[in-house]
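# Structural overview
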Amino acid sequence: QVQPVESGGGLVQPGGSLRLSCTASRSIFDINVMGWYRQAPGKERELVAALTRAGVTNYADSVKGRFTISRDNAKNTVYLQMNSLKPEDTAVYYCNVDLRSPPGVYWGQGTQVTVSS
């Protein structure tokens with residue numbers, strides 16, 4: 001069982017920055033992929049950024065150049081640094097953990113990000 005724990009959401013003005021954190025209760029090396037998804041009201045959940053165990057990153061086109069996913073292996077934590085935030089980035093952001101062994105996919109409880117003046 002893995003329970004990702006997210007933190008770092010909040011209200012920020014357009015052009016501002018936020019950093020989200022997701023801590024897993026398992027070693028990073030037991031995990032295939034850790035990623036961030038988001039869901040805005042009335043829309044489907046979408047991938048924002050992902051980081052594989054090997055260190056390969058993947059970003060949604062809408063956030064490339066603005067968001068950066070990274071990790072701290074010692075803390076079993078993945079971060080999402082969000083810069084140049086736009087109102088359309090407003091959503092609930094969810095951490096996703098794709099566990100290597102035993103296989104399983106786990107979601108965090110979600111953290112609200114609101115970009116508004």
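Criteria and cut-off values
- Residues numbered from 1 in each chain as written.
- Predicted model: local features only at pLDDT ≥ 70, side-chain atom pairs only at ≥ 80, totals over all residues.
- Heavy atoms only, no water.
- Helix = DSSP H or I, 4+ residues; strand = E, 2+ residues; numbered from the N terminus.
- Polar contact = N/O pair within 3.5 Å; in protein donor to acceptor, adjacent residues only side chain to side chain.
- Contact = heavy atoms within 4.5 Å.
- Phe/Tyr/Trp six-rings, centres within 6.5 Å; stacked < 30°, edge-to-face > 60°.
- Lys NZ or Arg CZ within 6 Å of the ring centre and 35° of its normal.
- Salt bridge = Lys/Arg side-chain N within 4 Å of Asp/Glu carboxyl O.
- Buried < 20%, exposed > 50% of the residue type's maximum accessible area, 1.4 Å probe, protein only.
- Disulfide = S-S within 2.5 Å.
- Core = buried A, V, L, I, M, F, W, Y, C linked by side-chain atoms within 4.5 Å.

Bringing the side chain of Arg38 into the picture now. Mapped onto the elements of the fold, Arg38 is located in strand β4 (residues 31-39). Only 2.7 Å separates the side chain of Arg38 from the side chain of Glu46, close enough to count as a polar contact. Here the side chain of Arg38 touches Asp89 through a polar contact of 2.9 Å, side chain to side chain. Those residues in contact with Arg38, other than ones at most four positions away along the chain, are Glu44, Arg45, Glu46, Val48, Ser62, Val63, Phe67, Glu88, Asp89, Ala91, Val92 and Tyr93.

A complete count under the given rule lists 2 aromatic pairs for this structure. One aromatic cluster in this structure is built from Tyr37, Tyr94 and Trp107. Sitting above the plane of the Tyr94 ring, Arg45 keeps its charged end 3.7 Å from the centroid. Geometry around Trp107 places Arg45 over its ring, the cationic atom sitting 4.6 Å from the centre.

Another point: the pattern of salt bridges. One pass over the structure, following the stated rule, counts 5 salt bridges. Note that Arg38 is salt-bridged to Glu46, the shortest N-O span being 2.7 Å. With a relative accessible area of 5%, Arg38 lands in the buried category. The partner of Asp89 in a salt bridge is Arg38, and the shortest N-O contact between them spans 2.9 Å. On the criterion of sequence distance, the pair formed by Asp89 in the loop between β8 (77-82) and β9 (91-99) and Arg38 in strand β4 is long-range, its members being 51 residues apart.

A word on the state of the cysteines. Inspection of the entire model under this criterion finds 1 disulfide. Two residues share a disulfide in this structure: Cys22 and Cys95, whose sulfurs sit 2.0 Å from each other. The S-S bond linking Cys22 to Cys95 shows a torsion near -80 degrees; that makes this disulfide left-handed. Taken together, the residues Cys22 in strand β3 (residues 18-23) and Cys95 in strand β9 connect sequence positions 73 residues apart. Comparing Cys22 with Cys95 shows no difference in burial state: the two are buried.

Take the nonpolar core next. Core analysis: the biggest nonpolar cluster contains 31 residues, and Met34, Trp36, Leu80, Met82 and Tyr93 have the highest contact counts within it. Mapped by element, the contributors of at least two residues to this core are β3, β4, β5 (46-52), β7 (67-72), β8, β9 and β11 (111-115).

So, about the side chain of Thr77. Checked against the element boundaries, Thr77 lands in strand β8. Taking the relative accessible area as the measure of exposure, Thr77 reaches 4% and is therefore buried. A polar atom in the side chain of Thr77 sits 2.9 Å from the side chain of Thr23. A distance of 2.8 Å separates the side chain of Thr77 from the backbone oxygen of Lys75, its partner in a polar contact. Those residues in contact with Thr77, other than ones at most four positions away along the chain, are Ser21, Cys22, Thr23, Ile28, Ser70, Arg71 and Asp72.

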